[in-house]
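# Coordinate analysis (summary)
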Amino acid sequence: MKQNVPWWKSGVIYQLYPRSFLDTDGDGTGDLPGITAKLDYLADLGVDGIWLSPINCSPMFDFGYDISDYREIDPVFGRLSDFQHLLDQAHQRGIRVILDLVVNHTSHLHPWFVASRASRDNPKRGWYIWRDGKNKKPPNNWLAAFGGGAWQWDEPTGQYYLHSFLKEQPDLNWRNPEVRQAIAEEMRFWLDMGVDGFRLDVINFFVKDENLRANPFGLGPTPRPYDLQKHIYDRNRPETLDVVRVFRGLTDQYDDRMMVGEVYTPPPGDPKLSATYLGTGEDALHLSFDFSIIYSRYGAGPFMKAASQWMESIPWAGWPCQVLNNHDQPRSLSRYGRPKHAPGRAKILAALLLTLRGTPFIYYGEEIGMVNGRITRRQLVDPLGKKYWPLHKGRDPERTPMQWSNAPSAGFSTGDPWLPVNPDYPLINVEAQQQDPNSLLHFYRNLIALRRKTPALSLGDWQPAAGSNRSVMAYYRSLGADRLLVVLNFDASVAGIDFLATDPARVVFGTHRRKGEIVSAPRLKLAPHEVLILG
Ligand code: TEU
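## Section: the domain arrangement of the protein
Domain parsing of the protein yields domain 1 (2-104 + 177-449), domain 2 (111-162) and domain 3 (461-534). Summarising the inter-unit geometry, the C-alpha centres of domain 1 and domain 3 are found 30 Å apart. Across the contact, 22 residues belong to domain 1 and 23 residues belong to domain 3. Carbon and sulfur atoms supply 78% of the area that domain 1 and domain 3 bury against each other, a total of about 1,800 Å² over both sides. Area buried by domain 1 at its contact with domain 3 is led by Ala300, Met304 and Ile348, which between them contribute 33% of it. Here domain 1 and domain 3 share one salt bridge between them. Across the pair Asp461 and Arg357 runs a salt bridge, and its minimum N-O distance is 4.0 Å.

In structure tokens:
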């Protein structure tokens, strides 16, 4: 059975932000040779794939999420030959490589947009969304995700163009078949090279309402300054699924490739919407992100609710993925605050991520318990933070350099890092944790290894256990005759859980008990932040 399971179902994927992973040329910015140099570290951690945030040519108004050439590597990261070497070295270690495909928009400096902007009758005019104003005002009321209106007036040709993010990120017109064709060719370029798939940036923004109808205003449950509008007509249009299906047809022409989509929704998240991009489970995205768990409050109850809703949304033939951290959200240990509880919470969160049903995504540094860096107004580089400081302090804090050792700049760079290294690096770093068998790093590594040899844990069904309560989240993972019970005490105090006579009783893995020990009491007492897996 095992041989038919695709790698992206059974495996673990690691997201890295290339600017912040390892700098090998001393310019203060991480690069591709830096990633290649750390492949052994990643292989040792046990990951099956890496997703690189964008590495294509970009003027970096949004740090690579504004691409000016889809086929070239930005010089700050290296050359195409560096990428080919990285791909080859990763594959030699059994690690797949996923690229970030940012095609809701391009950079305003992409030659397509430069042409589109040049005149109203340019053949590329219809590749972007241009409209006349209404009484000297923008064509409609749509707002950009990074603040202000979504329309930019362009004096030379006397029209507005649409940008869902920065004005330096004009939206492509996904209703135009030439655009679809052009992007398919860019995808083929990388697939032919051997890239294992793509993470599709803001997949739910691609197709816009044909008549550009106005959005209603209305605050969501957690109002943020930039989420004032209900994005009914500029996001989540059903037509986008047709685009995804075409992408699926394309990737299916190659062996073993995978697409994971970012379905961006503001808090509290929208698991049903995320799941729609999986189609039947076999004809659209392979995986899609749901951010409900990221947005959830900390605790057994809220996580059980978020996890259940996500699992229930997945189509029968589909597969979930799980994520607690990425380059846009405060790191989990910062979101869930309380530094004094951080070590316990870090293991609980790791166990949650790695034992829920679905492909886990680890964000670089998560495995050593990195927390947000403190970035002052003067040090800020993220455009989102510049716009909304201090309401939103931007995304720089979750993008600080990887903490490799207690050497200067945490061993990240011999130069001046592009973002300040978190001053906690002498305490929190890879080298220190490699030497400590009780470290978080070892915990991730051990649990990933356990997943690898326990198909019920990586592939099994998921079922909440009756004993779950306000402190303890417990669930079964089962495959055929194999049945595991995962028990997580989210509290910093002792908590109890009732067992059923039929529950598995032998300790397979845990933070407080010996492997092989038998747990038989009908009511079990769990230590603060105890992780326990019974089989
Ligand atoms: O993110 C989509 C997105 O809307 C978020 O950036 C969101 O606005 C922000 O996190 C609010 O907290 C994707 C990428 O992940 C992000 O890095 C890019 O900036 C954005 O698209 C534009 O490409």
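## Focus on the pattern of salt bridges
Tallied over the full model, the rule gives 26 salt bridges. Asp201 is the partner of Arg199 in a salt bridge, and the nearest nitrogen-oxygen pair spans 2.7 Å. There is no split in this pair, since Arg199 and Asp201 are both buried. Where Glu262 meets Arg199, a salt bridge forms, and the shortest distance between an N and an O atom there is 3.2 Å. With Glu262 in strand β10 (residues 258-262) and Arg199 in strand β9 (residues 197-200), this pair connects stretches of sequence that are 63 residues apart. The buried category is assigned to Arg199, whose relative accessible area is 2%. In this structure, a network of salt bridges that share partners links the residues Asp62, Asp328, Asp382, Arg395 and Arg399.

## Here's the deal with the side chain of His231
Here His231 shows up in the loop between β9 and α7 (240-251). Classification of His231 by relative accessible area gives buried; the value is 11%. If near-sequence neighbours (up to four positions away) are discounted, His231 is found in contact with Leu143, Asn215 and Asn236.

## Quick word on helix α4 (residues 80-92)
Helix length check: α4 (13 residues) gives 18 Å between terminal C-alpha atoms against 18 Å at 1.5 Å per residue, within 8%. Residues of α4 that are buried: Phe83, Leu86, Leu87, Gln89 and Ala90. Elements in contact with the buried residues of α4: α2 (32-37), α3 (39-45), β2 (49-52), β4 (69-73), β5 (96-101) and α6 (177-193). Once α4 ends, the next one or two residues include Gly94, with phi positive near 75 degrees.

## Let's talk about helix α10 (residues 300-313)
Residues lying three or four places apart along an α-helix face the same way, a consequence of the helix completing one turn every 3.6 residues. Taking 1.5 Å as the rise per residue, α10 with 14 residues should run 20 Å; its terminal C-alpha atoms sit 20 Å apart, in good agreement. Turning to α10, its buried residues number three or more, namely Ala300, Phe303, Met304, Ala306, Ala307, Ser308, Trp310, Met311 and Ser313.

## Focus on empty space enclosed by the protein
Taken as a whole, this structure holds four cavities of 30 Å³ or more when the rule is applied. The calculated volume of the largest cavity comes to roughly 80 Å³. Secondary-structure elements contributing two or more residues to the lining of the largest cavity are α11 (332-335), α12 (342-355) and α15 (440-453). At three residues, α12 tops the list of elements feeding residues into the lining of the largest cavity. Across the lining of the largest cavity, the residue classes break down as eight nonpolar, three polar and two charged. For the second largest cavity, the calculated volume is near 50 Å³. As for the second largest cavity, its lining consists of Ala465, Ala466, Gly467, Ala474, Tyr476, Leu485, Ile497, Asp498, Phe499, Leu500 and Asp503. Its residues assigned to classes, the lining of the second largest cavity shows eight nonpolar, one polar and two charged.

## Description of the site of the ligand
Near the ligand you find 20 residues, and of these Asp62, Asp201, His327, Asp328 and Arg395 are the closest. Side-chain polar atom of Asp201 to an oxygen atom of the ligand: 2.7 Å apart, as the coordinates give it. Interatomic distance of 2.5 Å between a side-chain N/O atom of Asp328 and an oxygen atom of the ligand. Alone, the ligand offers 490 Å² of accessible surface; in the complex the protein occludes 100% of this. Considering only residue class, the shell around the ligand consists of seven nonpolar, five polar and eight charged.

Thresholds, definitions, all that
- Residues numbered from 1 in each chain as written.
- Predicted model: local features only at pLDDT ≥ 70, side-chain atom pairs only at ≥ 80, totals over all residues.
- Heavy atoms only, no water.
- Domains from an automatic or database assignment.
- Contact = heavy atoms within 4.5 Å.
- Buried area = accessible area lost by both parts, 1.4 Å probe.
- Salt bridge = Lys/Arg side-chain N within 4 Å of Asp/Glu carboxyl O.
- Buried < 20%, exposed > 50% of the residue type's maximum accessible area, 1.4 Å probe, protein only.
- Helix = DSSP H or I, 4+ residues; strand = E, 2+ residues; numbered from the N terminus.
- Expected span 1.5 Å × (residues − 1).
- 1 Å grid on protein atoms, 1.4 Å probe; cavity = no way out; pocket = protein on both sides within 12 Å on 5 of 7 lines; lining within 4 Å.
- Points joined across faces, edges and corners; volume = space filled by probe spheres on them.
- Nonpolar A, V, L, I, M, F, W, Y, C, P; charged D, E, K, R; others polar.
- Near = heavy atom within 4 Å.
- Polar contact = N/O pair within 3.5 Å; in protein donor to acceptor, adjacent residues only side chain to side chain.
- Areas by Shrake-Rupley, 256 points an atom, 1.4 Å probe, with all protein chains shown as cover.

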